[in-house]
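Structure assessment
Chain by chain, the residues run as shown.
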Amino acid sequence: ICTGIENAGLVKKLGYDYIELSVTKTMGLAPEAYAAGKKALEESGLEAECFNILFPKTMNFVDGRTTSLDELGAYLEKALAMVADLHGKVVVFGSGKCRTCPPEVRYLDAYKNLVKACRLTGEIAGKYGIKVVIEPLSRKETNMICTVAEGALLQQDVANEHVGLLADYLHICANHDVVNHIA
C-alpha cells in the first residue's frame, strides 16, 4: 500500500505485507517525525523496497531553465541517501509535472534534457545501490514518455545499468498502449 512512513505499524496491523513510500513526503518530514517513522517502519517488519514521487512538483528538468543539473544532483544526493537509509531498492522516475515539455520549448531539446536528468539520477542511485525505473505516465499527467515503447527508448538513450523501465498497467490502459510492446 502507498502511504506515509508514520503508518507502517498500522499497515502491518491491517495485514499488508508491503509499504511504498513517497520520496518527497518522507523528505518533508521534520527530523523527529522522520526518526519516529523510521522506528515505526523497523518495528513493523515491513520493507519499503520501492519509493514513488521522486521529485517535487516545483522542479522541471526538461525546460532548460527551472532546475539545473547541479540543483538536480544536490537534490538527488539527499533524496537517494534517505531512500538508502530506509533500505529502499527501487525508486520510480514518474513525476509527470517535472518532465512535461512546455509549449515554448522544442520537444527534442526537452527530450535531451530528460535524458541527461535520467542519466544523472541513475548515476547517483547507483552509488547507493538503488535501481531507478522510468515510468511511462498517462497523457493527462505529462506529454513526455507516455508509452512503454517511449520508455524503452529513453532507457536505451540513458544507457545506465541503474536505470530500468516500469510498465504500470493503469497508464498502459489510460493511453491505450499496446500490451505486446512490453516484450
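Nothing here was measured: the structure is a model prediction, and the numbers come from that model.

**Concerning the overall build of the chain**
In terms of helices and strands, the chain carries seven helices and five strands. Moving toward the C terminus, one meets the helices and strands of the chain in the order α-β-α-α-β-α-β-α-β-α-β-α. For 183 residues, the compact-globule estimate of 2.2 N^0.38 gives 16 Å, and the chain sits close to it at 17 Å. When the backbone C-alpha atoms are referred to their principal axes, the chain occupies close to 50 × 40 × 30 Å. Nonlocal contacts in the chain, meaning residues at least 24 apart in sequence, comprise 76% of its contacts between residues at least 6 apart. Just so you have it, the chain exposes about 9400 Å², and 56% of that area is on carbon and sulfur atoms.

**Comments concerning the side chain of glutamate 20**
Looking at the secondary structure, you find glutamate 20 in the loop between α1 (8-13) and β1 (21-22). Within the local environment of glutamate 20, its side chain forms a polar contact with the side chain of asparagine 52, the two groups lying 3.0 Å apart.

**Points about the sheet that holds strand β4 (residues 131-134)**
Pairing is parallel across the open sheet formed by five strands, whose spatial order is β1-β2-β3-β4-β5. Each end of this open sheet is capped by a strand with a single partner; those strands are β1 and β5 (163-165). Where strand β2 (residues 50-52) meets strand β3 (residues 90-93), two bridges bridge the pair, whose relative direction is parallel. Bridge pairing links cysteine 50 to valine 90 in β3.

**Focus on the pairing of β4**
The pairing of β3 with β4 spans four bridges and is parallel. Bridge pairing links valine 90 to lysine 131 in β4. Following the chain from β3 across helix α5 (residues 107-127) to the adjacent parallel β4, one finds a crossover that is right-handed. Handedness of the β4-helix α6 (residues 148-158)-β5 crossover: right-handed.

**So, the pattern of salt bridges**
One pass over the structure, following the stated rule, counts six salt bridges. Arginine 106 is paired through a salt bridge with aspartate 109; the nearest N and O atoms lie 3.7 Å apart. Since its relative accessible area comes to 31%, aspartate 109 is described here as partly exposed.

**Comments concerning the nonpolar core**
Counting 47 residues, the largest nonpolar core has Val23, Leu41, Phe51, Phe55, Phe61 and Leu76 as the members making the most contacts within it. Those elements that place two or more of their residues in this core are α1, α3 (31-44), α4 (69-85), β3, α5, β4 and α6. Considering each element in turn, this core owes the most residues, nine residues, to α5. Ignoring anything within four residues of it in the chain, the contact list for leucine 76 reads Leu54, Phe55, Ala81, Leu120, Thr121 and Ile124.

Criteria and cut-off values
Residues numbered from 1 in each chain as written. Predicted model: local features only at pLDDT ≥ 70, side-chain atom pairs only at ≥ 80, totals over all residues. Heavy atoms only, no water. Helix = DSSP H or I, 4+ residues; strand = E, 2+ residues; numbered from the N terminus. Rg over C-alpha atoms; globule rule 2.2 N^0.38 Å. Contact = heavy atoms within 4.5 Å. Areas by Shrake-Rupley, 256 points an atom, 1.4 Å probe, with all protein chains shown as cover. Polar contact = N/O pair within 3.5 Å; in protein donor to acceptor, adjacent residues only side chain to side chain. Pairing = 2+ DSSP bridges. Right-handed = clockwise from strand over helix to strand, strands pointing away. Salt bridge = Lys/Arg side-chain N within 4 Å of Asp/Glu carboxyl O. Buried < 20%, exposed > 50% of the residue type's maximum accessible area, 1.4 Å probe, protein only. Core = buried A, V, L, I, M, F, W, Y, C linked by side-chain atoms within 4.5 Å.

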